[in-house]
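Below, each chain spelled out in residue letters.
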Protein chains: 2
Amino acid sequence: MVDPIFHLNDLPTPAGIENLTTQQQTYQRLRYALMTGSIPPGTSLTIRGIAQALNVSPTPAREALKKLCAEGALTELDNRRIITPIMDIARFDELIALRILLECHAAKSATKYISERLIDDLDEIDRRMDLALKGDNHENIVVLNQLFHSGLYRANPHQVHMPLIESIWLQLGPYTRVALNKLSDIYLVDRHKQIIKALRNRNSAALLNAIEKDISEGIGQMGRDYLNASRSPD
Amino acid sequence: MVDPIFHLNDLPTPAGIENLTTQQQTYQRLRYALMTGSIPPGTSLTIRGIAQALNVSPTPAREALKKLCAEGALTELDNRRIITPIMDIARFDELIALRILLECHAAKSATKYISERLIDDLDEIDRRMDLALKGDNHENIVVLNQLFHSGLYRANPHQVHMPLIESIWLQLGPYTRVALNKLSDIYLVDRHKQIIKALRNRNSAALLNAIEKDISEGIGQMGRDYLNASRSPD
DNA sequence: ATTAATGAAATGTTATCACATTATGATTAA
DNA sequence: TTAATCATAATGTGATAACATTTCATTAAT
């Protein structure tokens, strides 16, 4: 064993996974790591390596890895090796376009289920996100940002789009971190405020516009800049 | 063992899976069965049951089932049992709306990669579909219909949407069969002809319109009728 | 008769080992 | 020096058994 998994032991563990099966805990930990961009693109993940790093037997490690592959969060190469997805600009742009397409659709189809109570909850999440932004707490920012968006889309009880949206989020995971690193505070939060305002006013057009901008000017622009910048020096 | 898997032995096997691993073969066979609607909604699928029915050991059976769960083709209940998804009209309508949304987007983003050669290929697929329709060969119809659509969308080499679209197809699998059963021949095929014509003319608006109608007036309408009809007698 | 308790059967989960495939690096031949 | 070859290690795959959970039918108590 060449200790290829580096510091995966030290990865932050999501809360509330104590009662899950070993396999589910392993899955949640890996998923969380991917979502928050804690594993660089192109990293090779082996069954035994993960098992050792997370102190579980190969079986649950294997199932967790396979599940993440099936969700698009990891890539299975032809030689059966599993790696974190490698990104290029074309693929990135497709993912951003899909995020906008799916999330605007989800928001639209959720509109009629949205209560004042839910809007208050989203407002509260956004307030916490302001604090996390001030504190530069990346993990919390990512998690809260996802809670904000998924809280909105999940208002619709007929859940068919969230798995698709989460698949996209997982694939964009590493670049969420990049985007939030570069984020000059107020920007993203501002869009969230617009979203909340549009929800309160039941202004569908404004809502969709705010969501699109939140995505395209947030992770979309930052990620694209990053990919462009990291291409040249090579 | 109560032989819960009925006649899964007799399920048609997709061609060209000889060189795959046992797990992949198992996955392909189950997937094919689901895609063509050969397993009724609500059917319980057990690891040992599938293993026995397909004459493989539990390990590959389990991996195949888990993968299909991750893709949304099967549902994992809270009690850990795995069943084929149960449909209701609201969910069905969401799936159809998502199909239209994603497939129109995929078609649009594929447009600039579409060659005359590809259009000829699609034309050929559609011709074979005409034959299959005349012969009432359901499996072939379903497979050819998917080849037609995926052939178009896969023209775009930056593949991020096909996994999402296939997830939707899998979830709609049983109703594809229903739709094609009721289909009065010419209808669906006609839309395909429109798609091909729009491709040749590079008419984007006509293309998107034809795709939307192909879906909404094909499986969309038929499936909805079926769900409405089967609701009342109960 | 209904409900609760019990225990056996079915099923999902995990651990482990044997096997197949792939990757790696040393060795040899051109 | 380079390319091919081979042995070894690393890794994924498959089979099996022990264990945990859930289901279900039977039994006992009210």
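Placed above this text is the structure.
Draft legend 1. Up close: the overall build of chain A. Regarding its fold elements, chain A presents 9 helices and 3 strands. In chain A, the succession of helices and strands from N to C terminus is α-β-α-α-β-β-α-α-α-α-α-α. With 234 residues in all, chain A has 51% of them scored as buried. Restricting the contact set of chain A to residue pairs at least 6 apart, pairs at least 24 apart contribute 72%. With the model as given, the accessible surface of chain A reaches about 10900 Å², and the carbon-plus-sulfur share is 50%.

Draft legend 2. Looking closely at the sheet that holds strand β3 (residues 82–83) of chain A. All names here are of chain A. As summarised here, the arrangement of the 3 strands in space is β1-β3-β2, forming an open sheet in which the pairing is antiparallel. Edge positions in the open sheet fall to β1 (44–45) and β2 (75–76), since each of these has one partner strand only. As paired strands, β2 and β3 are joined by 2 bridges and run antiparallel to one another. Looking at the pairing, E76 lines up with I82 of β3.

Draft legend 3. Fine view of the protein's contact with DNA strand D. As a matter of local geometry, DNA strand D sits amid 19 residues, with R48(A), T22(B), S57(B), T59(B) and N79(B) nearest to it. Atoms of DNA strand D within 4 Å of the protein belong to the sugar or the phosphate in 62% of instances, the rest to bases. R62(A) places a side-chain nitrogen or oxygen 3.3 Å from a base nitrogen of DNA strand D. A distance of 2.6 Å separates a base nitrogen of DNA strand D from a polar side-chain atom of T59(B). If one sorts the elements of the surface near DNA strand D by residue count, helix α3 (residues 58–70) of chain B sits on top with 3 residues. Classifying every residue of the surface near DNA strand D gives 5 nonpolar, 7 polar and 7 charged.

Draft legend 4. Highlighting the protein's contact with DNA strand C. Around DNA strand C, the structure places 19 residues, and the nearest of them are T22(A), S57(A), T59(A), N79(A) and R62(B). Counting only atoms of DNA strand C within 4 Å of the protein, the sugar-phosphate share comes to 68%. Between a phosphate oxygen of DNA strand C and a main-chain N or O atom of I47(B), the distance comes to 2.9 Å. The separation between a phosphate oxygen of DNA strand C and a polar side-chain atom of K66(B) is 3.3 Å. Looking at the surface near DNA strand C, the element that brings in the most residues is helix α3 (residues 58–70) of chain A, giving 3 residues. Here the surface near DNA strand C is built from residues that sort into 5 nonpolar, 7 polar and 7 charged.

Draft legend 5. View of the interface of chain A and chain B. With 28 residues of chain A at the contact, the number on the chain B side is 29 residues. Interface area for chain A against chain B, summed over the two sides, is near 2300 Å², with a carbon-plus-sulfur share of 64%. Its largest share of buried area at the contact with chain B, chain A owes to E94(A), V160(A) and L164(A), together 25% of the area lost on that side. In this structure, the connection of chain A to chain B is made through 2 salt bridges. When the shortest N-O distance is used, the salt bridge between R62(A) and E63(B) registers 3.0 Å. Linking chain A to chain B there are 5 residue pairs in polar contact (both at pLDDT 80 or more). Those elements giving two or more residues to the side of chain A that touches chain B turn out to be α3, α4 (89–110) and α7 (162–182) of chain A. A total of 10 residues in the side of chain A that touches chain B trace back to one element, the largest contributor, which is α4(A).

Draft legend 6. Up close: the nonpolar core. Counting 137 residues, the largest nonpolar core has L152(A), Y153(A), I211(A), L152(B), Y153(B) and I211(B) as its most contacted members. If we ignore the near neighbours within four places in the chain, the residues touching L152(B) are A110(B), I114(B), L122(B), I195(B), L199(B), L207(B) and I211(B).

Draft legend 7. Quick look at the relation of the copies chain A and chain B. Superposing chain A onto chain B requires a rotation of 180° together with a translation of 0.0 Å along the rotation axis, leaving an RMSD of 0.1 Å. Here the transformation between the copies is reduced to the relation of a two-fold axis.

Draft legend 8. Examining the sheet that holds strand β3 (residues 82–83) of chain B more closely. Residues and elements named next belong to chain B. Sheet architecture is open: 3 strands sit in the order β1-β3-β2, paired in antiparallel fashion. Strand pairing shows two members of the sheet lacking a second neighbour, β1 (44–45) and β2 (75–76), which therefore form its edges. Relative to β3, β1 runs antiparallel, the two sharing 2 bridges. The partner of S44 across the bridge, within β3, is I83.

Draft legend 9. Structural detail: the layout of surface pockets. Residue and element names in this part refer to chain A. Computed from the structure, the second largest pocket encloses a volume of approximately 350 Å³. Taken together, 17 residues form the lining of the second largest pocket, with R31, M35, V143, Q146 and L147 sitting closest to its centre. For the lining of the second largest pocket, the secondary structure elements donating two or more residues are α1 (22–35), α6 (138–153) and α7. Of all the elements, α6 adds the most residues to the lining of the second largest pocket, at 5 residues. Its residues assigned to classes, the lining of the second largest pocket comprises 10 nonpolar, 4 polar and 3 charged.

Criteria and thresholds
- Residues numbered from 1 in each chain as written.
- Chains lettered and ligands numbered in written order.
- Predicted model: local features only at pLDDT ≥ 70, side-chain atom pairs only at ≥ 80, totals over all residues.
- Heavy atoms only, no water.
- Helix = DSSP H or I, 4+ residues; strand = E, 2+ residues; numbered from the N terminus.
- Buried < 20%, exposed > 50% of the residue type's maximum accessible area, 1.4 Å probe, protein only.
- Contact = heavy atoms within 4.5 Å.
- Areas by Shrake-Rupley, 256 points an atom, 1.4 Å probe, with all protein chains shown as cover.
- Pairing = 2+ DSSP bridges.
- Near = heavy atom within 4 Å.
- Polar contact = N/O pair within 3.5 Å; in protein donor to acceptor, adjacent residues only side chain to side chain.
- Nonpolar A, V, L, I, M, F, W, Y, C, P; charged D, E, K, R; others polar.
- Buried area = accessible area lost by both parts, 1.4 Å probe.
- Salt bridge = Lys/Arg side-chain N within 4 Å of Asp/Glu carboxyl O.
- Core = buried A, V, L, I, M, F, W, Y, C linked by side-chain atoms within 4.5 Å.
- Least-squares fit on C-alpha atoms with pLDDT ≥ 70 in both.
- 1 Å grid on protein atoms, 1.4 Å probe; cavity = no way out; pocket = protein on both sides within 12 Å on 5 of 7 lines; lining within 4 Å.
- Points joined across faces, edges and corners; volume = space filled by probe spheres on them.

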